[in-house]
Structure formats: structure tokens, C-alpha cells
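Observations on the model geometry
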Amino acid sequence: MRRTGRVRAAVRTAVFLVFIIHAADSDMLFGDDGLRLTVVYDNNEYDPSLKTAWGFSCLIEGAQKTILFDTGGDGDVLIHNMKLLGIDPGTIDAVVLSHTHHDHTGGLQRLLKEHGDMEVWVGDWFPESIRNMARACGAEVVTVGGPSALCEGVFTTGGMGKEIREQALFFCTAEGTVIVTGCAHPGILEVIDTAKRLASEDCDSAEVFFVIGGFHLSGASERVLHRIVNGFQSRGVVKAAPCHCSGGACRAMFRAVYGERFIPAGAGTRIVLRPSRP
Ligand SMILES: [Zn+2]
Ligand SMILES: [Zn+2]
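Remember, it's a predicted structure, so these values are computed and weren't measured experimentally.

Parameters at a glance
- Residues numbered from 1 in each chain as written.
- Chains lettered and ligands numbered in written order.
- Predicted model: local features only at pLDDT ≥ 70, side-chain atom pairs only at ≥ 80, totals over all residues.
- Heavy atoms only, no water.
- Donors = N, O, S within 2.8 Å, 3.2 Å for Na, K, Ca; no water.
- Buried < 20%, exposed > 50% of the residue type's maximum accessible area, 1.4 Å probe, protein only.
- Phe/Tyr/Trp six-rings, centres within 6.5 Å; stacked < 30°, edge-to-face > 60°.
- Helix = DSSP H or I, 4+ residues; strand = E, 2+ residues; numbered from the N terminus.
- Lys NZ or Arg CZ within 6 Å of the ring centre and 35° of its normal.
- Pairing = 2+ DSSP bridges.
- pLDDT = per-residue confidence, 0-100.
- Contact = heavy atoms within 4.5 Å.
- Tetrahedral: all angles 85-135°; square planar, octahedral: opposite > 155°, others 65-115°.
- Axes fitted to C-alpha atoms, helices over the stretch in contact; angles between N-to-C directions.
- Parallel < 35°, antiparallel > 145°, perpendicular 65-115°, else oblique.
- Left-handed = near helix turned anticlockwise from the far one by under 90°.
- Nonpolar A, V, L, I, M, F, W, Y, C, P; charged D, E, K, R; others polar.
- Disulfide = S-S within 2.5 Å.

**With respect to the coordination of the zinc ion (ligand 1)**
All of the protein donors around the zinc ion (ligand 1) are His99 (NE2), His101 (ND1) and His185 (NE2); their distances to the metal are 2.0 to 2.2 Å. The distance between the zinc ion (ligand 1) and the zinc ion (ligand 2) comes to 3.8 Å. Residue classification places His99 among the buried residues on the basis of a relative accessible area of 0%.

This is the structure in C-alpha cells:
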């Protein structure tokens, strides 16, 4: 059974295109294999054998900690997709939850029942009930009160926005800052500006290389979408992978404007930021 699963995962990796982004520098922060992002859970389809459901979850490997950012809404879908992708919950060191909405936190309990011994990073605006549940499953809860480092080169922005508080992750890579966003309720440009400002202190380069996740633009007017795409360009964002709550019109506009620098992301997309060797 286990073996079949592994073979399946290997075949799938071979069949589905892995986006490899070569970094110019030989910076070794994320090792020879680079920084690897896998969209485990999304409402957009990518690998048709995986389940899609409303929500978002992204695994980030290659840093000192293996991090799962958000858990999707349905724990069974999360675990199903992880198994098909060959991801062992026991390898996860830390879960970071962007905000309290169910489509980002609903899978946590099921995940912790598979493997409870991990850190769970939540904002100080999260209800005590989530913290208590995580502790009861054996997790170590880390409460984020502001911008914080998870490990070398990996940071959370801390809470942003007033009505719906949300945190995003950013990574200092040789090519620039990589941002992973959950739903971007505070506004995707505000998320980028916050990460850029923090990266100017924490990273060698504050340039934003790549943004992936929910941009919260479902149903947005064409005028708003233009403003956002222009905002990405004026901020020098090199590559973008809008998924989850970004909406089809937003994805279409990024595809049209960004061309090959638009990365189609959905459940099963794997992206590797690999340092190039001279
Ligand atoms: Zn939300
Ligand atoms: Zn969401």
C-alpha cells in the first residue's frame, strides 16, 4: 500500500511539470536543492488526481524548518492530497496559520492527529480555542505578536490589517524576497509593501521576486484588477502565482500581462527556486 503510494507519487512527479526558477547567486541559505514550494490544497485544479476544495495550503521545504502554511478547510482533503504527493506529516516542523478563517485553519486538527509533534504559529488575535486544541494534540504553540523569524531566512510579517487580521510568510532568497500569502484580506499590495519593508531589514535584497497564494480578488472589477497588476509591476514583482481566492479574471489578467512570469498554481503545483551553479 505504502509502496504503491510512493510509486504513484514518483510517477506523478515525473508527469507533472515542476516549475524550476534558477536563482542567479550561489547563496546556500536553502541548500543545493533550493527552496521548494508545493501547493497541497487549493480550489484551483492543477494535478487532476488531487482533490480540490475551497481553501489554501502550501508546503515549503528547503529551509531549516519544513513549514506548512495554512491547512485548507477540510482535513480529509489535506491528508488525501499529502499522501498522493508523497508528503509525510511527520516531516513538518511548523504550521503557520495566516488568519482564522476556516478555509485556512479547518485542516489543522486532522493534521495534528496524524502527527502532533510540531510548532503551530498563530497570531495573537487568534482565539484561545485553536491554541488549546493544538496543545491538546501535542503541538507547541507559538503566538506571533509582530514580525518574527521562524528560522534563518524565513519570516512572518506578523498581523496586518484591521478588520480581518492576517500574517504572510516571506523568504530571503538569492533572487529576492518570496512571499506566500493566504487570503490577503488586508490587500495584496499592502501585504507586498509590508514584506518589502521588513525584508529591507532582514534580507540582503528587498526586491520581491515571487508572490504566491490568495490575492482576494474574486469578483473584483477590471479597474481594480488593472490597479493590482500595475501595482505588482511598479513594485518590480518578477513572478506571480495567484491562486485560491484570486479569481479567474485576476489569473487571466496576470497570465496576459506577466506571460511566462505567471505561474499557474493549483492543487499539486510544485515550484523549485534552485540556486544555479557557475
Ligand atoms: Zn479569509
Ligand atoms: Zn481564504
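**Digging into the packing of aromatic side chains**
Within a pair of aromatic rings, the relevant descriptors are the distance that separates the centres and the angle that separates the planes. Enumeration according to the criterion identifies six aromatic pairs in this entry. On the basis of an interplanar angle of 75° and a centroid distance of 4.8 Å, the ring pair of Phe232 and Phe254 is categorised as edge-to-face. Linking Phe232 in helix H7 (residues 222–234) with Phe254 in helix H8 (residues 248–258), this pair joins segments that are 22 residues apart in sequence. Of the two residues, Phe232 and Phe254, neither departs from the other in class, the shared state being buried. Here the aromatic rings of Phe254 and Tyr258 are separated by 5.5 Å at their centres, their planes lie at 50°, and the arrangement is tilted. Here the residue Phe254 and the residue Tyr258 both occupy positions in helix H8, the gap between them amounting to four residues, near one helical turn. With relative accessibility at 1%, the residue Phe254 sits in the buried group. Grouped by ring-pair contacts, the aromatic residues Phe215, Phe232, Phe254 and Tyr258 constitute a single cluster. Positioned over the ring face of Trp125 is Arg165, at 5.4 Å from the centre of the ring. Of note, Arg261 hangs over the ring of Tyr258, and the distance from its end group to the ring centre comes to 4.3 Å.

**Side note on the pairing of strand E2 (residues 35–42)**
Taking burial as the measure, the eight residues of E2 include seven buried ones, the bulk of the element. In this structure, E2 lies alongside strand E3 (residues 56–61), joined through six bridges in antiparallel fashion. Counterpart to Leu37 in the pairing with E3 is Ile60.

**Focus on the confidence of the model for the protein**
Any region with low pLDDT has predicted coordinates that should not be read closely. Summing up the model confidence of the protein, the mean pLDDT is 91 and the portion of residues at 70 or higher is 88%. Every residue in residues 10–14 is under pLDDT 50, and counting partners more than four places away or in other chains gives five contacts.

**A few points about the coordination of the zinc ion (ligand 2)**
Around the zinc ion (ligand 2), the donor atoms from the protein are Asp103 (OD), His104 (NE2), Cys183 (SG) and His244 (NE2), and they sit 2.1 to 2.3 Å away. Metal-centred angles of 88 to 158° between the four donor atoms at the zinc ion (ligand 2) mark the site as irregular. Site description for the zinc ion (ligand 2): donor spacing in sequence, D-H-x78-C-x60-H.

**Thoughts on the packing of helix H6 (residues 188–202) against H7**
Across the interface, H6 lies against H7 with an axial gap of 10 Å and an inter-helix angle of 15°. Between H6 and H7, the angle is such that the two are roughly parallel. In terms of crossing hand, the pair formed by H6 and H7 is left-handed. For the pair formed by H6 and H7, the contact residues are Ile188, Leu189 and Ile192 on the first element and Arg227, Ile228, Gly231 and Phe232 on the second. Here the contact of H6 with H7 is built from residues that sort into five nonpolar, one polar and one charged.

**Section: the environment of Val95**
As for its position among the elements, Val95 is in strand E5 (residues 94–96). In this structure the C-alpha to C-alpha distance between Val95 and Trp121, which are 26 residues apart in sequence, comes to 6.1 Å. Other than its neighbours up to four places away in sequence, Val95 contacts Leu68, Thr71, Leu108, Leu111, Met118, Glu119, Val120 and Trp121.

**Focus: the state of the cysteines**
By definition, a disulfide is the covalent link that joins the sulfur atoms of two cysteine residues. A full pass over the atoms with the stated rule returns one disulfide. The residue that forms a disulfide with Cys172 is Cys203, at a sulfur-sulfur distance of 2.0 Å. Where Cys172 bonds to Cys203 through sulfur, the torsion about that S-S bond is close to -65°, and the disulfide is left-handed. Residue Cys172 is found in strand E10 (residues 169–173), and its partner Cys203 is found in the loop between H6 and strand E12 (208–214); the two are separated by 31 residues along the sequence. You'll find Cys172 and Cys203 in the same group, each marked buried.

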